[in-house]
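So the chains spell out like this:
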There are 2 protein chains.
Amino acid sequence: MENTPTPNDILAAAARIAPYAVHTPLLEHPELGERTGGRVFLKLEIFQRTGSFKFRGACNRILQIPEQDRAKGVVAFSSGNHAQGVAAVAKLLGIPATIVMPADAPRAKIEGTKALGAEVVPYDRVTGDREAIAAEIVAARGATLVRPFDDAGIVAGQGTAGLEIACAAAERGVALDAVLAPCSGGGLVTGIALALSRESPLTKVYSVEPTGFDGMRQSRDKGERIAAHAERLSIADALMAPMPGKVPFALAQQHLAGGFAVDDEALMRAVSFAFRRIKIVAEPGGAAAIAAVLSGAFDAKGKNIALVVSGGNADPEIVSDCCARFPNP
Amino acid sequence: MENTPTPNDILAAAARIAPYAVHTPLLEHPELGERTGGRVFLKLEIFQRTGSFKFRGACNRILQIPEQDRAKGVVAFSSGNHAQGVAAVAKLLGIPATIVMPADAPRAKIEGTKALGAEVVPYDRVTGDREAIAAEIVAARGATLVRPFDDAGIVAGQGTAGLEIACAAAERGVALDAVLAPCSGGGLVTGIALALSRESPLTKVYSVEPTGFDGMRQSRDKGERIAAHAERLSIADALMAPMPGKVPFALAQQHLAGGFAVDDEALMRAVSFAFRRIKIVAEPGGAAAIAAVLSGAFDAKGKNIALVVSGGNADPEIVSDCCARFPNP
């Protein structure tokens, strides 16, 4: 499934996942508004089932697996949020799920995946080949591989978050100037950009990635898919894809207005801000769009903007550490 | 102002505070639903300005101070959330605020109050008399005392949360069987009950208090205002009023269906559940209604219920401690 989705695919996805997914709130945050000189809305994907937006794409994709293939199960490789999304959908539909996960993924994500009844196959992030392990399982069982982002059905599913942002803004009479969303392989941010290209065409959509993993920004600037070169891991365990997917990149070239990179300090500050001032649990990757605004990388002055908080699956120790290091974010 | 408010006062309050207050979301939580066998909605007052519902009442009350008295300032005594509510309203309206606070209040609350520009006067929770200290300031400056709950304007302001619950449920076509709200002096839960008595008269409203501070429950059972006798402090620093206010108690006799008491362990479990499974920061008192459901004190099976999460001003250390003690809440 490497064809590119259309806005109509997102409308179809919204109808398909409606019985299962949470319609998450778009919350105005006055303090972020006062601080930036704009109006700031937060799309709280932390409230999606499994604590991240990933449920949307997984649900849309798995519901399109032909009935006769479902019993053979689904397989996914993921650092955690896609894992939980796939496992939760599989559980709701009574399908077996096997997830290939890095052994050093956050405990909250590994435990969350197991608690959803999935079989977890650990691999070493540095020496292992997760795609090869998943391919073996697919071959052996006839299971369906559910890719994390390079799939039209996945991207259309993530795009339903963009549809909801457009509707919620319109209901309040707010014309959004910009939407910022965290980006790893690019399924979420390009799905949102695709949705807004029809629902709110004057709204600019930007990717936010960790420094060193800003493959989407670099690829878009260069006009071809390239990998970013990180010197070390990022604290944003969910955003460490070095290169955008083919499907997301094709959409990015048409629909993204630009991209930002944020460093670990900005991400940790944003996690502390999320806890202390917004009163939410944001994982470091989930807080990337907040980080882009708090760090000044994106200037919200005089603008109406929406920041996607894409996931909240952080271990308490990480959040506590961010709060201790940045008591006044 | 010891007259009792009416449902019309709540409608007037809603119009009065609309330019300042956040219309907080009512979020359905599928996991709490699956766990309890009901449909569970969360009214997220953690997203109100200053991180708790208290902004509503303070805003409604202070906006009714005559113009010529405003410059003399406002005074409040509070363990923290009312303090921040009053300070934030005063700041928005350009009025000086003085807050009498226990010296052992959570740092998040003391710092939050100071950051809002209020003068903080500390007192000893055991040996000091906060009402006397506040009365002195009122006498010396001609300032207006803004009571935490025993005031019709305050209760009507808190009741706007009930109005919003009723509207949001109706929009989704959900008939609420019950609403549970944390209770200290009783302004919030009785304001909500008053609102629902007109907007959704078949919905039962229940108070939830910490064990030993369940003065509302005991008073309602006995038919007269009595003080609960606690053997030690509760972890719910915001819910330690031993006796309901006169105004709230008058409303409680007419409009509350009953009450529950929850112990510290149930509150700590609920704080951990809020962090780990809901992805929100709830302070121990703010999580009381969640605790009543998780502990089984209230049986939600087959019911549509709303739980008010009344505040999120917890120090990170407390949340972290609750999460460590209850890893699987």
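Looking now at the interface of chain B and chain A. Tallying the contact residues gives 23 residues for chain B and 23 residues for chain A. For the pair chain B and chain A, the two sides together bury roughly 2,000 Å², of which 70% comes from carbon and sulfur. Ranking the residues of chain B by area buried against chain A places F47, F275 and K279 of chain B at the top, with a combined share of 32%. For the interface between chain B and chain A, the tally reads 8 residue pairs in polar contact (both at pLDDT 80 or more). Elements represented by at least two residues in the side of chain B that touches chain A include exactly helix 2 (30-36), helix 12 (264-278) and helix 14 (316-325) of chain B. Taken together, the residues of the side of chain B that touches chain A break down into 15 nonpolar, 4 polar and 4 charged.

To continue, consider the nonpolar core. Within soluble globular proteins, side chains that are nonpolar generally end up buried alongside one another. Ranked by size, the top nonpolar core spans 92 residues in total, and within it L180 of chain A together with L180 of chain B carry the most contacts. Once residues lying within four places of it in the same chain are set aside, the contact partners of L180 of chain A are Y206, V208, F260, A289, A292, V293, F298, A306, L307 and V308 of chain A.

Attention now goes to the relation of the copies chain B and chain A. Superposition record for chain B on chain A: RMSD 0.0 Å, screw rotation 180°, translation along axis 0.0 Å. A rotation of that kind, with that shift, is consistent with a two-fold axis. Taking C-alpha positions as the reference, the residue of chain B nearest the rotation axis is I280 of chain B, at 2.1 Å. Interface overlap between copies: 100% of the residues of chain B at the interface are likewise at the interface in chain A, consistent with a symmetric, same-surface contact.

Moving on, we come to the environment of G94 of chain A. All names here are of chain A. Along the chain, the position of G94 falls in the loop between helix 5 (81-93) and strand 4 (97-102). G94 sits in the exposed class, given a relative accessible area of 65%. In sequence terms G94 and P248 are 154 residues apart; their C-alpha atoms lie 30 Å from each other.

Enumeration over the complete set of coordinates arrives at 1 cavity of 30 Å³ or more. Of the voids in this model, the largest cavity is the one considered here, and its volume is about 30 Å³. Lining the largest cavity, in full, are F275, P316, V319 and S320 of chain A together with F275, P316, V319 and S320 of chain B. If you list the elements that add at least two residues to the lining of the largest cavity, you get helix 14 (316-325) of chain A together with helix 14 of chain B.

On to the pattern of salt bridges, then. Residue and element names in this part refer to chain A. In total, this model carries 36 salt bridges over all chains according to the counting rule given. A salt bridge links R56 to E164; its shortest N-O distance comes to 2.9 Å. Of this pair, R56 sits in helix 3 (residues 54-62) while E164 sits in helix 8 (residues 152-171); the two residues are 108 residues apart in sequence, bridging distant segments of the chain. Accessibility assignment for this pair places R56 and E164 in one class, buried. In this structure, the salt-bridge partner of D237 is K109, at a minimum N-O distance of 2.5 Å. Placement of D237 in the loop between helix 10 (215-222) and helix 11 (246-255) and of K109 in helix 6 (residues 107-115) is noted, with a sequence separation of 128 residues between them.

Reading the values: the criteria
Residues numbered from 1 in each chain as written. Chains lettered and ligands numbered in written order. Predicted model: local features only at pLDDT ≥ 70, side-chain atom pairs only at ≥ 80, totals over all residues. Heavy atoms only, no water. Contact = heavy atoms within 4.5 Å. Buried area = accessible area lost by both parts, 1.4 Å probe. Polar contact = N/O pair within 3.5 Å; in protein donor to acceptor, adjacent residues only side chain to side chain. Helix = DSSP H or I, 4+ residues; strand = E, 2+ residues; numbered from the N terminus. Nonpolar A, V, L, I, M, F, W, Y, C, P; charged D, E, K, R; others polar. Core = buried A, V, L, I, M, F, W, Y, C linked by side-chain atoms within 4.5 Å. Buried < 20%, exposed > 50% of the residue type's maximum accessible area, 1.4 Å probe, protein only. Least-squares fit on C-alpha atoms with pLDDT ≥ 70 in both. 1 Å grid on protein atoms, 1.4 Å probe; cavity = no way out; pocket = protein on both sides within 12 Å on 5 of 7 lines; lining within 4 Å. Points joined across faces, edges and corners; volume = space filled by probe spheres on them. Salt bridge = Lys/Arg side-chain N within 4 Å of Asp/Glu carboxyl O.

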